[in-house]
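Here is how the chains run, residue by residue.
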Amino acid sequence: MARHRKKSSWKKWVLLTVGVMTVFLIAGGLFVWSMYQDVNETVTRVNDNLEISEERKQVQTIEEKRSVSVLLLGVDRRGTEQGRSDSIIVMTLNPETDEGAMLSIPRDTKTEIVGRGMRDKINHAYAFGGAEMAMDTVEELLDIPIDYVVETDMEAFTEVVDALGGITVTNNFAFASDGYSYPVGEVELTGESALSYTRMRYNDPNGDFGRQERQRAVVAAIVEKGRSDFSVDKVTKLLDVAGNRAKTNIEFTELVGLSTDYMQAFRNASTLRIEGAGGLEADGIYYWNPNPDSLVSVQTELKRLMD
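Heads up: these notes are all about the structure in this document. (Residues numbered from 1 in each chain as written. Predicted model: local features only at pLDDT ≥ 70, side-chain atom pairs only at ≥ 80, totals over all residues. Heavy atoms only, no water.)

Let's talk about the overall build of the protein
Thought 1: Scanning the protein from terminus to terminus reveals eleven helices and 14 strands.
Thought 2: Within the span of the protein, comprising 307 residues, buried residues form 56% of the whole.
Thought 3: Look at the contacts in the protein between residues 6 or more apart in sequence, and 70% of them connect residues 24 or more apart.
Thought 4: Total accessible area computed for the protein in this model is approximately 13300 Å², and 47% of it derives from carbon and sulfur atoms. (Helix = DSSP H or I, 4+ residues; strand = E, 2+ residues; numbered from the N terminus. Buried < 20%, exposed > 50% of the residue type's maximum accessible area, 1.4 Å probe, protein only. Contact = heavy atoms within 4.5 Å. Areas by Shrake-Rupley, 256 points an atom, 1.4 Å probe, with all protein chains shown as cover.)

Brief notes about the sheet that holds strand E3 (residues 99–104)
Thought 1: Reading across from one edge, E11-E6-E1-E2-E3-E12 is the order of the six strands in this open sheet, with mixed pairing throughout. Among the strands making up the open sheet, the edge pair consists of strand E11 (247–248) and strand E12 (270–272).
Thought 2: Taken together, the three bridges between E3 and E12 define a ladder with parallel strand orientation. The partner of alanine 101 across the bridge, within E12, is serine 270.
Thought 3: Along the sheet, helix H5 (residues 154–163) contacts strand E1 (68–76), strand E2 (84–94) and strand E6 (148–153); its crossing angle with E6, the most-contacted strand, is approximately 85 degrees. (Pairing = 2+ DSSP bridges. Axes fitted to C-alpha atoms, helices over the stretch in contact; angles between N-to-C directions.)

Concerning unusual backbone geometry
Thought 1: You will see that aspartate 98, though not glycine, has its phi angle at about 55 degrees, which is positive.
Thought 2: Here aspartate 98 shows up in the loop between E2 and E3.
Thought 3: Judged by its relative accessible area of 30%, aspartate 98 falls in the partly exposed class.
Thought 4: Positive phi values are uncommon outside glycine, yet aspartate 143 reaches one of about 60 degrees.
Thought 5: The residue aspartate 143 is located in the loop between helix H4 (124–142) and E6 in this model.

With respect to a negative patch on the surface
Thought 1: A grouping of Glu155, Asp162, Asp178 and Glu192 is seen on the molecular surface, where their side chains present a negatively charged patch.
Thought 2: Locating aspartate 178 in the fold gives a position in the loop between strand E8 (175–177) and strand E9 (180–182).
Thought 3: With a relative accessible area of 62%, aspartate 178 lands in the exposed category. (Patch = residues over 30% accessible without salt bridge, like charges linked within 9 Å, V, L, I, M, F, W, Y side chains within 5 Å. Salt bridge = Lys/Arg side-chain N within 4 Å of Asp/Glu carboxyl O. Lys, Arg positive; Asp, Glu negative; His and termini not counted. Charge placed at Lys NZ, Arg CZ, Asp CG, Glu CD.)

Here's the deal with the pairing of strand E7 (residues 167–171)
Side-chain direction in a regular strand flips from residue to residue, so the side chains alternate between the two faces of the sheet.
Thought 1: Burial of the side chains of E7 is restricted to one face: Ile167, Val169 and Asn171 are buried, whereas none of Thr168 and Thr170 on the reverse face is.
Thought 2: One ladder, built from five bridges, connects E7 with strand E10 (residues 185–189); its direction is antiparallel. Each bridged residue has a counterpart across the sheet, and for valine 169 the counterpart in E10 is valine 187.

What about helix H11 (residues 292–306)?
Thought 1: Taking 1.5 Å per residue, 15 residues should reach 21 Å; H11 reaches 21 Å between its end C-alpha atoms and fits that length.
Thought 2: Three or more residues of H11 are buried, namely Ser294, Leu295, Val298, Gln299, Leu302, Leu305 and Met306. The buried residues of H11 all sit within an arc of 135 degrees when viewed along its axis, so they share a single face. More than 90 degrees from the buried face of H11, the exposed residues found are Pro292 and Asp293.
Thought 3: Looking at the packing, one finds that the buried side of H11 touches E1, E2, E3, H4, E12 and strand E14 (286–290).
Thought 4: Near the N-terminus of H11, the side chain that reaches the backbone nitrogen of aspartate 293, with its oxygen 3.0 Å away, is that of asparagine 291. (Expected span 1.5 Å × (residues − 1). Arc of directions from axis to C-beta. Polar contact = N/O pair within 3.5 Å; in protein donor to acceptor, adjacent residues only side chain to side chain.)

Looking at the environment of proline 205
Thought 1: With respect to the element layout, proline 205 can be found in the loop between helix H6 (191–199) and helix H7 (207–228).
Thought 2: Note: C-alpha distance between proline 205 and phenylalanine 173 (32 residues apart in sequence) is 9.2 Å.

Re the pattern of salt bridges
Thought 1: In the structure shown here, the tally under the stated rule is 14 salt bridges.
Thought 2: For arginine 56, the salt bridge identified is with glutamate 139, shortest N-O distance 3.1 Å. Of the two residues, arginine 56 is situated in helix H3 (residues 54–57) and glutamate 139 in helix H4; the sequence distance between them amounts to 83 residues.
Thought 3: Exposure remark for arginine 56: the relative accessible area of 3% places this residue in the buried category.
Thought 4: Here arginine 107 makes a salt bridge to aspartate 86, at a shortest N to O gap of 2.0 Å. Linking arginine 107 in the loop between E3 and strand E4 (110–113) with aspartate 86 in strand E2, this pair joins segments that are 21 residues apart in sequence.
Thought 5: On the accessibility criterion, aspartate 86 (8% relative accessible area) is buried.
Thought 6: Three or more residues are tied together by salt bridges with common partners; here these are Arg56, Asp136 and Glu139.

Written as C-alpha cells, this is what we have:
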C-alpha cells in the first residue's frame, strides 16, 4: 500500500470539478479582489463539508511546488443515501516538468477495499466509507499517495456547466442518448446534455473506456471555459454551487497557487488507461479485472510523474 506523504504545518491540494472551477476563475489576475471574502468563506465551507481524518488534511504545501495527485469523485446518490462514486478520476500534476496525467478507473474494477478486508467493486469503497476509504483504496490499487480529493454529486456537475453558459467538446462518433443528439465534430452542451454525454456507454464502440474519455473531455472543457470566459456573475454562481455541492480538502490559498503554478502541467496532461476485461463471476456479479502488466505500467508512469 502506498505510504502517505510527510505532513507539514500547511495543507496542500489539487483539483477538479466544482472546486477546480473556482480555482481557475480566481487565478491569473482575473479575480476581483472585492470577492475575496466570499470566495474564502465558500472554500472554508467546502473544506468543512468533507469528513476525513486530520492526517488526510495535513498534506504538503503547494508553495513547495511539488508534484501532487488528486482523486476526483463524481457521486451518484438519491435522497440522503451515501451513494456510490459513479466517476473515479485520478489526476497527477508535476509543475517542475510541466507534465501531468489523467486516469479514469472503471467503477466495476475488482480490487481490495482498504478498511473492509475484502475484494469488491472499487466504487463500493465510497459507499462503505466515504471519501477517505475511496482514497485509501485507490492508493492501494495504484501504489501512489493520493494527496487531495474533490467530491461532488451529479447535480453539481450540471449546475457548473450551466453557470458557465455551456461548454463545447469535440465528439468522435454520432450517437443519441436521453433525447439528445450528439453529431460528429464540435458539440455545444448544456448541463443536462453534458451529463447525458458523459453517462452513455452501452452504444459506445469503446465501451466504458469511451465513456471515460468523454468524461475527461468534459472536465477539460469546463476548466478552459472558466479561464477564457470570466465574469463576476459566473464566479458568483459557481461559488453558490461549490458551497452547496462540493467537498474537498483543498484550501483557498492553495487553490490560487494551483491555478498558476500547475496550469501548464494540466494542459499537457496525457491520458492513461489500464487494460483489462470484465464478466460475471461465481457470485453472479459483474466485475472488471485489470490486466496485471498494464496495471504495473500505469503505476510506473504515475510514480515517475510523482517523483
